[in-house]
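# Fold and contact review
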Amino acid sequence: MGVDRRRFLGAMGVGAGLLMTGGTAEAAAATRRVFFGAYTTWSGGAKGIGIGTYDTVSGQLKTTGVISGVVNPSFVIESRDGRFLYAVNENTKGEVTAINAATLKVINKQATGGADPCHLTLDPSGKYLITADYSSGSLSVFPVNLDGSLGARTQKVQHKGSGPNKERQEGPHAHHIVFDPAGRYAAAVDLGADSVFVYSFTGGKLTQVSQAKVKPGAGPRHIAFHPDGKTAYVANELDSTIVTCAYANGKLTPGQVLKTAPSGGPTNYPAEVLVSADGRYVYLSNRGHDSVAHFAVGGSGLTMLGTTAVGGKYPRHITFDPTGSFLFAANQNSNNVTSFAVDRVMGKLTPSGTPLQTAIPVCVLPTRLG
């Protein structure tokens, strides 16, 4: 598999760090499990999906093992009952892997029919799984069996489109797919086509209902819906912006556009975008500026409150723990994952615990059921 522009950017500064346990955290009152998605085929890469815990009081992370034999699990999710894990295998011949969360054994894997799957989601019923395949710009649908295994792909949807950035937008690049809060429609963000495609999902089949276009060359990467279901926020990787979109009945209408990092700094590539459970704040990871941008929600748009240094390099993925008390950042190019306590009144982030050293982390999955 060749090193394309996206992989080159991601690989810059990645050292050959080894998987190590992090910090000297004292015995915790309570811990919960966490999994780490990573790249395994890169120099200094991981051995598979990292396994760990975090202290529910301090946020301190530590590693406890690895699920080996899973290649390039760059994004990992869990089933709604917590019994199973699903990971993309980001390779030219894309695959998706099902894992038993209790035994930590691989159940099976299926070919996506696309190239370099980088995100996946379950439909609201939990009976179907959908992947977003970056290099091929396609989506693939799989039935989920009662034992957690995946059936063979039942549908593949091919995006079309390109953008003015000839290195990154020569064709479609599906980067993210997520259902809206009501579970009625799925939004698929495509960096190459400068678009968010919205689909209905009935009987296990995706049917396009709308296409929202952002500014040419913006390179939309991820989307997060406000819990009220009336607004969504799109992180644009290529022009370092966040777009507030009105949303209703499967249609997104782009509106306010804000920069995600101060001007005059290094070239910046936004990645993940999150909305707090109460809908008051939005957070976005800045790769290059190496920070988490913090926005207040108000009226029809956002107000930028500032940025918090992430404590690492190239924060690919950020996520909340299930309580919203902590935010975790997977810092790809510094081989560490950092923790922040979240002030749920003011939205402020405060570093918490010692950074965890682990090889090329690009996804953090704190489990919902411990």
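In this numbering scheme, every chain counts its residues from 1 along its sequence in written order. In keeping with the predicted nature of the model, local features appear solely for residues at pLDDT of at least 70, side-chain atom pairs appear and are counted solely at 80 or more, and the whole-chain, interface and lining totals rest on all residues. Derived side-chain values reflect all non-hydrogen atoms in the structure, with water molecules and hydrogen atoms excluded from consideration.

## Focus on the sheet that holds strand β10 (residues 138-143)
Whether two strands pair comes down to DSSP finding at least two bridges between them. The helix count covers DSSP runs of H or I at least four residues long, the strand count covers runs of E at least two residues long, and both are numbered beginning at the N terminus. Spatially, β8-β9-β10-β11 is the arrangement adopted by the four strands of the open sheet, whose pairing is antiparallel. Two strands bound the open sheet, and with one partner strand each, they are β8 (117-122) and β11 (155-158). Pairwise comparison of adjacent strand axes, ignoring direction, gives a mean angle of 20 degrees for this sheet. By the bridge criterion, six bridges tie strand β9 (residues 128-133) to β10 in an arrangement that is antiparallel. Axis definition: a line fitted to C-alpha atoms, limited for helices to the stretch in contact. Angles are taken between N-to-C directions and run from 0 to 180 degrees.

## Side note on the pattern of salt bridges
The rule for a salt bridge is simple: a side-chain nitrogen of Lys or Arg has to be within 4 Å of a carboxyl oxygen of Asp or Glu. The full count for this structure, using the stated rule, is seven salt bridges. In this structure, Arg-83 and Asp-81 form a salt bridge, with 3.8 Å as the shortest nitrogen-oxygen distance. Of the charged contacts in the structure, one is a salt bridge between Arg-316 and Glu-90, with a shortest N-O distance of 3.9 Å. Remark: Glu-90 occurs in the loop between β5 (84-89) and β6 (95-100) and Arg-316 occurs in strand β24 (residues 315-320); sequence separation between them is 226 residues. Residues joined in a network through salt bridges with shared partners are Arg-168, Arg-221, Glu-237 and Arg-287.

## Regarding the side chain of Ser-138
With respect to the helices, strands and loops of the structure, Ser-138 is situated in strand β10. Each residue gets one of three labels from its accessible area relative to the maximum for its type: buried under 20%, exposed over 50%, partly exposed in between, using a 1.4 Å probe on protein chains only. The exposure class of Ser-138 is buried, given its relative accessible area of 0%. Of note is the side chain of Ser-138, whose polar atom sits 2.7 Å from the side chain of Ser-136. For Ser-138, the contacting residues outside a window of four places in its chain are Gly-114, Thr-131, Ala-132, Asp-133, Lys-156, Val-157, Gln-158 and Ala-174. Throughout this description, a polar contact denotes any pair of N or O atoms lying within 3.5 Å of each other; where both atoms belong to protein, one of them has to be capable of donating a hydrogen while the other can accept it, and for residues adjacent in sequence the pair is counted only when both atoms sit in side chains. In what follows, residue pairs with any heavy atoms lying within 4.5 Å of each other are defined as contacts.

## Some remarks on the environment of Val-209
In this fold, Val-209 is placed in strand β15 (residues 205-213). Classification of Val-209 by relative accessible area gives partly exposed; the value is 41%. Taking the C-alpha atoms as reference points, Val-209 and Phe-197, separated by 12 residues in sequence, lie 7.9 Å from one another. In contact with Val-209, not counting residues within four places along its chain, are Tyr-185, Val-198, Tyr-199, Ser-200 and Gly-250.

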